[in-house]
Amino acid sequence: MSYTVSEADPPSPELVVPDVPVIAPPSYNEPIVTRRELWSYYLYYNGDNGVGPFTYSFILFQALTVAAGYDPVRGPGSSCLDDNASGRCVVPWGNGTKAVTSVVLIANGTSFALSGRLWDVGKWPLLVTTLICWATQFASVTLTSASLWGVAMGLYMISFISYGATLVFYAAAFPRLARNTQHSRDLREKFDHGEIPVEVYEREESLEKNRISNISTTHSNIGYIVTMALNLSLLLPLRDNPKVDNYIIVLTNGYWVLTGIWWSSTGPKLPKGEKYLTIGWKQTWAALKQYKELPYTFTYLIAFFFLADGLNTTGTLVAICQNDKFSFSFLQVTYLGLAQAATSTASTLGFWYIQRHWKISTKKMFGVTNVVTVLIPLWGMIGVWTPKFGFHNTWEFWAYNVVFGLFQAPYYAFSQTMMAELSPPGFDNMVRLINLFPISSLKKDTR
C-alpha cells in the first residue's frame, strides 16, 4: 500500500488513504506516548488476563451443563458423574439432545466468530465492551444450580465475546503506542536526517515494538499469577463451600476492575456518517480490497488464521479434557494455572532477552514458538488410538501447562509485533480481519 502526498504541496499533517474513507488516516503529529499512558496500557492487560471470563467461567459452564445432563446409555434421570456412567453425557437441545462436548464447542465457536466485530474508534467501544464483560462476570455469582446451565452458557458467551472484543481494541492500540514512544520518534528523526541507515532503523524500531509487546505480555502473566494467588486465599479455606467457585469469579473480576480503570486512551474518531455497529464490517471490506498492495500482510493473515484457529480449538479441547480429569475443580485448575503463569512470565522475558541480545528478527522468533504450537495437537491425536498417553494422565496436563507457558506466551507477544510490522499506519485495526486477539487471547484458553 502506498501513501502519496502531492509533491507540489507542502507535507500534509495527515497521510491520505485513497478511496478508503472508513480507515483512519495516520497522522504525522501524533502525540508522544507518556510513561503514564504506557503503564496504564500495561495495567489494563495485567487485569485483562482471561482468568475470569474464559478459564473460570468456562469451567463453571461446563460443570453445570454436565450436572444437568444424563447418560444416554442409561436414559433420562441418570447421572453423568456416578461410577456407573458410560462416559457419555447429553442435555436437552431443541427437540432432541446434544452431547455436552458439542454444546461447549458450539458456545465457543459462536463466540469466537462474533468476537471483535466492532471498530476501535474513540474510547467508547473498549469502555462499553469492558463494562459488559465486568457485568457478566459479576452476574456469575447467581449460577448456583445445574438447572441454570442455559443461563451459564449465555453469560459465558457474552463474557467470551466481550472479552475477545476488549483484546481486539487493546491490540489495535499497540501499533500507535509503539511508533510514538520517545525512542521510536528519536529513531525516526535520526533516520529522516540521514544519521542512521534504513537497516539500523528497521531493526531498532522492530526491537522497540517487541519491547512493548513483551512487557505487556509479561504484565498479563504477572496479573495471572497475582490473580491465582489471591484466589487461593478463598479456595483453600472455603473449599467445602458450594458457592466458592462463584466467589472466585467475582474476586478475579474485581482485580481486573482495579487494574483496568486507569486505561483511558482514545482511538481515532468515528468518521462522519458512520456507525459503531457497521463501521467494523466496512473497514474489513475496505482492507480486503487492498490485498494487491499488501501481499505479505494478507499472506500472514491467512496463514495465521489457520494457525491461531487451530490453537484455539486445540486449547478448548484440552480444557474440556482437563476439566473432566480434575472434576471441574477450581482449586486444581488454579494450581495448573500458576505453573503455566510462572513459566509464561519467565519465558516471555527469556525470549525477549535472547532477541535483544542477538538482534534476532521477529519472524525467526515467532517461527520457533510455532513449532510447539503444531506439536501440541499432534500429541493429543495420539490419545485417540491409545489410552496410555495423549491427554489421558494427570502428569500430561501438568506438562502441557508448563510447555504451553514456555512457548505459547512468547508466541502471543511475537504475533502481535508481526501484525504491527506488516500493517501500514492507518490499518492498525487489521487484526480484526482474523479476530487475531480474541484468538490469541484465547491465549489463556486452557489456563
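From a predicted model like this one, the values you see are computed outputs, not experimental measurements.

Each value, and the rule that gives it
- Residues numbered from 1 in each chain as written.
- Predicted model: local features only at pLDDT ≥ 70, side-chain atom pairs only at ≥ 80, totals over all residues.
- Heavy atoms only, no water.
- Helix = DSSP H or I, 4+ residues; strand = E, 2+ residues; numbered from the N terminus.
- Contact = heavy atoms within 4.5 Å.
- Areas by Shrake-Rupley, 256 points an atom, 1.4 Å probe, with all protein chains shown as cover.
- Expected span 1.5 Å × (residues − 1).
- Buried < 20%, exposed > 50% of the residue type's maximum accessible area, 1.4 Å probe, protein only.
- Salt bridge = Lys/Arg side-chain N within 4 Å of Asp/Glu carboxyl O.
- Core = buried A, V, L, I, M, F, W, Y, C linked by side-chain atoms within 4.5 Å.
- Pairing = 2+ DSSP bridges.
- pLDDT = per-residue confidence, 0-100.
- Patch = residues over 30% accessible without salt bridge, like charges linked within 9 Å, V, L, I, M, F, W, Y side chains within 5 Å.
- Polar contact = N/O pair within 3.5 Å; in protein donor to acceptor, adjacent residues only side chain to side chain.

**Student:** Quick rundown of the overall build of the protein? Include the residues and the values.
**Tutor:** Along its length, the protein carries 14 helices and two strands. If you take every contact in the protein between residues at least 6 apart in sequence, the share linking residues at least 24 apart comes to 78%. Within the structure as shown, the protein displays about 19,800 Å² of accessible surface, and the carbon and sulfur contribution to it stands at 64%.

**Student:** With reference to specific residues and values, describe helix H5 (residues 149–179).
**Tutor:** Taking 1.5 Å of rise per residue, 31 residues should cover 45 Å, and H5 covers 46 Å from first to last C-alpha, within 8% of that figure. Most of H5 is tucked away: 26 of the 31 residues are buried.

**Student:** Tell me about the pattern of salt bridges, and please be specific about residues and values.
**Tutor:** When the charged atoms of two side chains lie near each other, side chains of opposite charge can form a pair. Under the defined criterion, the tally for this structure stands at seven salt bridges. For the salt bridge of Arg188 with Asp192, the shortest nitrogen-to-oxygen distance reads 3.3 Å. Separated by four residues within a single helix, Arg188 and Asp192 lie in helix H6 (residues 182–192), roughly one turn from each other. We note a salt bridge from Glu208 to Arg211, for which the minimum N-O separation is 2.9 Å. Here Glu208 pairs with Arg211, and both are found in helix H7 (residues 198–235), just three residues apart, close to one helical turn. Judged by its relative accessible area of 5%, Glu208 is buried. Arg211 gets classed as partly exposed once you look at its relative accessible area, which sits at 26%. Through salt bridges that share partners, Asp71, Arg74 and Asp82 make up one connected network.

**Student:** Quick rundown of the nonpolar core? Include the residues and the values.
**Tutor:** Judged by nonpolar contacts, the single largest core of 62 residues is most densely connected at Tyr41, Tyr56, Phe61, Met153, Tyr156, Trp263 and Phe330. Residue contributions to this core peak at 17 residues, all from H5. Residues in contact with Met153, not counting those within four places in the same chain, are Phe61, Trp93, Val103 and Ala107. Phe298, Phe326, Ile376 and Met418 belong to the second largest nonpolar core, which has 24 residues in total.

**Student:** Break down unusual backbone geometry for me, with residues and values.
**Tutor:** The backbone of Ser327 shows a phi angle near 55°, a positive value even though the residue is not glycine. On the secondary structure map, Ser327 appears in the loop between helix H10 (295–325) and helix H11 (330–358). For Ser327, a relative accessible area of 56% gives the class exposed.

**Student:** Give a description of the pairing of strand S2 (residues 96–99) that names residues and reports values.
**Tutor:** Where strand S1 (residues 90–93) lies against S2, four bridges are found, and the strand directions are antiparallel. Bridge assignment links Val91 to a residue of S2, and that residue is Lys98. In sequence, S1 turns back onto S2 through a hairpin of two residues, with Gly94 there showing a positive phi of about 65°.

**Student:** Explain the confidence of the model for the protein residue by residue, including any values.
**Tutor:** The predicted model of the protein averages 84 in pLDDT, with 83% of residues at 70 or higher. Mean pLDDT in the protein bottoms out at helix H14 (residues 436–440), which sits at 41, and peaks at helix H8 (residues 244–260), which reaches 97. Low confidence marks residues 1–26, where pLDDT is under 50. Its contacts with residues over four positions away, or in another chain, come to 47 contacts. In this model, residues 434–447 is a region of pLDDT below 50 whose contacts with residues beyond four sequence positions or in other chains number 71 contacts.

**Student:** For a nonpolar patch on the surface, give the residues involved together with the corresponding values.
**Tutor:** Nonpolar side chains collect at one region of the surface, where Val371, Val374, Leu375, Leu378, Met381, Val384 and Trp385 lie side by side and expose about 730 Å² of accessible area between them. Its location among the elements puts Trp385 in the loop between helix H12 (362–382) and helix H13 (394–422). Trp385 sits in the exposed class, given a relative accessible area of 66%.

**Student:** An account of the side chain of Thr227 is requested, with residue identities and associated values reported.
**Tutor:** With respect to the element layout, Thr227 can be found in helix H7. Polar contacts involving the side chain of Thr227 include one to the main-chain carbonyl oxygen of Gly223, which spans 2.7 Å. Excluding residues within four positions of it along the chain, Thr227 makes contact with Asn49, Val51, Thr252 and Tyr255.

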